[in-house]
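Observations on the model geometry
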Amino acid sequence: MYGKAFAPEYQGALTTLSVNSSLTDVLAAGTQELRAAERAGQHGEAARSGLAVAEAHRRLGQVGEAEQAWKASYRAAREAGDTAAMAWALWSGGTLARQRGSFPLAWRLLGLAAELGERGGDVVVRGYSLAGLAETGRIQGDYEAVRKLHEQLLAEARRRGEARHTVWALEGIAQIHRNTGEYDTAFALFEEAAEIAARAEDRRGHAWALRGLADIVSVRDGDAERALGLLSEAETSCRAMKLSSALAYNHKMRGNVLYRAGRYAEARDLYEQALAEFRAMSEPRGEALARLGLAKSLARLGRDRAETAAEFAVLADELERIGLRHAREMVARAQEEFGLVAEVAR
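Residues numbered from 1 in each chain as written. Predicted model: local features only at pLDDT ≥ 70, side-chain atom pairs only at ≥ 80, totals over all residues. Heavy atoms only, no water.

1. A closer look at the overall build of the chain
To keep things clear, this is the line we draw: Counting from the N terminus, the helices are DSSP H or I runs at least four residues long and the strands are E runs at least two residues long. Restricting the calculation to C-alpha atoms gives the radius of gyration, and the globule rule supplies 2.2 Å times the number of residues raised to the power 0.38. For the exposure calls, accessible area comes from a 1.4 Å probe over protein chains only, and a residue counts as buried if that area is under 20% of its type's maximum, exposed if over 50%, partly exposed in between. Pairs of residues are marked as contacts when any of their non-hydrogen atoms sit within 4.5 Å.
For the chain, the helix and strand inventory stands at 17 helices and 0 strands. Taking 2.2 N^0.38 as the reference for a compact globule, 346 residues should give roughly 20 Å; the C-alpha atoms of the chain span a radius of gyration of 20 Å, in line with that estimate. Projecting the C-alpha coordinates of the chain onto the three principal axes gives extents of approximately 65 × 40 × 35 Å. Burial status across the chain gives 58% buried among its 346 residues. A separation threshold of at least 6 residues defines the contact pool for the chain, and within that pool the share at least 24 residues apart is 60%.

Laid out in structure tokens, this is it:
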């Protein structure tokens with residue numbers, strides 16, 4: 001039903017790159033093609049190779065370079081009069097904005113990308129942009145608003161036999177079910193995503209699916225060792241492809257698993273590691289989640305209650321400001337877990 005996964009963001013002279021290509025290799029090849037296109041005055045090719053450069057920088061956590069690259073790709077596409085290439089550049093910019101916690105900008109750029117994709121007749125960039133909007137809403141915790149869009153995109157991806165997009169949609173829907181306590185449904189969806197990703201040789205999608213399965217195995221079944229094994233398998237792919245963000249989230253999830261198992265000192269160390277990784281790539285959502293886990297671990301290890309209460313209060317304010325409702329609810333549950341709600345109110 002599904003063919004081998006491919007990466008439509010690798011375009012022009014870079015179409016030979018695999019979805020599993022190391023990001024450092026993508027960056028090197030993309031930069032080489034970009035410089036050649038710029039010297040030849042080929043704006044369209046500069047836009048396409050510049051897109052790969054932007055995405056490699058973004059996924060490596062190099063947000064400043066990614067910002068410059070997607071904007072340069074957009075300018076080159078506009079110079080070439082290539083509406084679809086403009087849409088792809090905006091998609092990259094919107095995805096970067098979401099990664100950086102700039103959700104209003106992400107909504108605006110991804111919405112424009114979807115419009116330009118439709119106008120330019122590129123159904124793939126339109127689908128990726130709509131998926132980006134759906135993921136932005138899901139990350140913010142607005143599940144009812146984006147659940148139908150996830151399901152619509154899943155149906156479209158299944159119909160076209162697009163493995164990578166099918167895996168993404170399954171994982172997004174699974175995460176909604178997991179966050180609303182429907183663990184069995186979430187597990188089945190993550191399991192299907194993992195199977196499709198494995199058959200399609202989509203190592204990135206497979207790694208994220210394994211992370212989701214590890215989460216459910218830990219929280220539902222209390223099986224820490226199996227969860228850690230799944231995360232170790234996922235980490236192998238993350239390291240092979242230089243997936244900095246996915247690796248940081250893997251480490252944060254490992255911290256979650258250890259915390260649930262009562263192994264607080266080990267959890268503290270993993271949360272500290274993930275926190276440093278998120279800060280290095282300026283990813284505020286991951287940073288906030290790692291800080292929350294670290295605060296909980298330190299509290300279990302005897303940290304002063306007043307310091308813990310203050311940390312929770314700061315996190316709650318930051319998540320409210322960023323607009324991460326689900327993560328804000330996680331802080332509220334942590335305050336209840338440690339009996340700090342009344343202290344915060346005072």
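2. Some details on the pattern of salt bridges
A side chain of one charge can pair with a side chain of the opposite charge if their charged atoms are brought near each other. Operational definition: For this analysis, a salt bridge means a side-chain nitrogen from Lys or Arg found within 4 Å of a carboxyl oxygen belonging to Asp or Glu.
Taken as a whole and assessed by the stated rule, the structure comprises 32 salt bridges. Where Glu38 meets Arg35, a salt bridge forms, and the shortest distance between an N and an O atom there is 3.1 Å. Taken as a pair, Glu38 and Arg35 lie in helix H1 (residues 23–40) at a separation of 3 residues, close to a single helical turn. When its relative accessible area of 46% is taken as the criterion, Glu38 is described as partly exposed. The partner of Glu55 in a salt bridge is Arg58, with the nearest N and O atoms 2.8 Å apart. Placement of the pair is Glu55 and Arg58 together in helix H2 (residues 43–59), with a separation of 3 residues, close to one helical turn. Overall, Glu55 belongs to the buried group, its relative accessible area being 0%.

3. Considerations on unusual backbone geometry
Residues other than glycine seldom take positive phi values, yet Glu201 does so here, at roughly 60°. Phi at Ser282 takes a positive value of approximately 50°, unusual for a residue other than glycine. Judged by relative accessible area, Ser282 falls into the partly exposed class, the value being 36%.

4. Brief notes about the nonpolar core
One broad trend across soluble globular proteins is that nonpolar side chains are buried collectively. As a reminder, the rule being used: Residues belong to one nonpolar core when they are buried, are Ala, Val, Leu, Ile, Met, Phe, Trp, Tyr or Cys, and are joined through side-chain atoms within 4.5 Å.
Ranked by size, the top nonpolar core spans 117 residues in total, and within it Tyr10, Trp91, Leu153, Leu213, Phe312, Leu324 and Val331 carry the most contacts. Excluding residues within four positions of it along the chain, Leu153 makes contact with Gly127, Leu130, Ala131, Ala134 and Trp168.

5. Considering the packing of aromatic side chains
Defined as follows: By convention, a stacked pair of Phe, Tyr or Trp rings (six-membered ring in the case of Trp) has centres within 6.5 Å and planes under 30 degrees apart, an edge-to-face pair has planes over 60 apart, and any other such pair is tilted. Counted as over-ring charges are cases with an Arg CZ or a Lys NZ within 6 Å of the ring centre that also lie within 35 degrees of the ring normal.
A complete count under the given rule lists 7 aromatic pairs for this structure. Grouping aromatic residues by their ring pairs yields a cluster made of Trp88, Trp91 and Tyr128. Taking the ring centre of Phe187 as reference, the NZ or CZ of Arg220 above it sits at 4.7 Å.

6. Digging into the environment of Tyr2
With respect to the helices and strands, Tyr2 occurs in the segment before H1. Sequence spacing of Tyr2 and Thr31 is 29 residues, and the spatial spacing of their C-alpha atoms is 31 Å. Discounting residues that sit within four places of it in the chain, Tyr2 has contacts with Ala157, Arg158, Gly161, Glu162, Ala163, Thr166 and Ile196.

7. What to know about helix H3 (residues 63–80)
Selection criterion: Expected span of a helix, by definition, is 1.5 Å for each gap between consecutive residues, and there is one gap fewer than residues. Here, the arc refers to the directions that run from the helix axis to the C-beta atoms.
End to end, H3 covers 26 Å across 18 residues, agreeing with the expected 26 Å (1.5 Å per residue, within 8%). Taken as a whole, H3 has its buried residues at Val63, Ala66, Ala69, Trp70, Ser73, Ala76 and Ala77. Each buried residue of H3 lies within a common arc of 145° when the element is viewed along its axis, so the set occupies one face. Residues Gln68, Arg78 and Glu79 are exposed on H3 and point more than 90 degrees away from its buried face. Close packing links the buried residues of H3 with H2, helix H4 (83–99) and helix H5 (103–119). Once H3 finishes, Gly81 follows within two positions and takes phi at roughly 70°, a positive value.

8. A word on the environment of Met253
Along the chain, Met253 falls in helix H12 (residues 244–260). Using a relative accessible area of 3% as the deciding quantity, one classes Met253 as buried. Expressed as a C-alpha distance, the spacing of Met253 and Leu270, which sit 17 residues apart in the sequence, is 8.7 Å. Residue contacts for Met253: discarding those within four places in its chain leaves Arg211, Asp215, Leu231 and Arg260.

9. Description of the packing of helix H10 (residues 203–221) against helix H11 (residues 224–241)
Selection rule: Here the axes come from fitting lines to C-alpha atoms, over the contacting stretch only for helices, and the angles between their N-to-C directions go from 0 to 180 degrees. Should an angle lie under 35 degrees it is considered roughly parallel, over 145 roughly antiparallel, and from 65 to 115 roughly perpendicular; all remaining angles are considered oblique. Each crossing is labelled by how the near helix is turned from the far one, with a counterclockwise turn of less than a right angle marking it left-handed and a clockwise turn marking it right-handed. For this classification, the nonpolar set comprises Ala, Val, Leu, Ile, Met, Phe, Trp, Tyr, Cys and Pro, the charged set comprises Asp, Glu, Lys and Arg, and every other residue, Gly included, is treated as polar.
Between H10 and H11, the least distance of the axes is 8 Å, while the angle of their chain directions is 160°. The orientation of H10 with respect to H11, classified from their angle, is roughly antiparallel. By crossing handedness, the relation of H10 to H11 is classed as left-handed. On H11, the residues touching Arg203, Arg204, His206, Ala207, Leu210, Arg211, Leu213, Ala214, Val217, Ser218 and Asp221 of H10 are Arg226, Ala227, Leu230, Leu231, Glu233, Ala234, Thr236, Ser237, Cys238, Ala240 and Met241. By residue class, the composition of the contact of H10 with H11 is 12 nonpolar, 4 polar and 6 charged.

10. Let's talk about the side chain of Ser218
The condition that has to hold: Here a polar contact means two N or O atoms within 3.5 Å. Within protein one must be a hydrogen donor candidate and the other an acceptor candidate, and residues neighboring in sequence count only if both atoms are side-chain atoms.
On the secondary structure map, Ser218 appears in helix H10. Polar contacts involving the side chain of Ser218 include one to the side chain of Arg260, which spans 3.1 Å.

11. Some thoughts on the environment of Arg325
Tracing the backbone through its elements, the reader meets Arg325 in helix H16 (residues 325–337). Residues Arg325 and Thr180 lie 145 residues apart in sequence; the distance between their C-alpha atoms is 13 Å. The contacts of Arg325, once residues within four sequence positions are left out, are Gln140 and Asp142.

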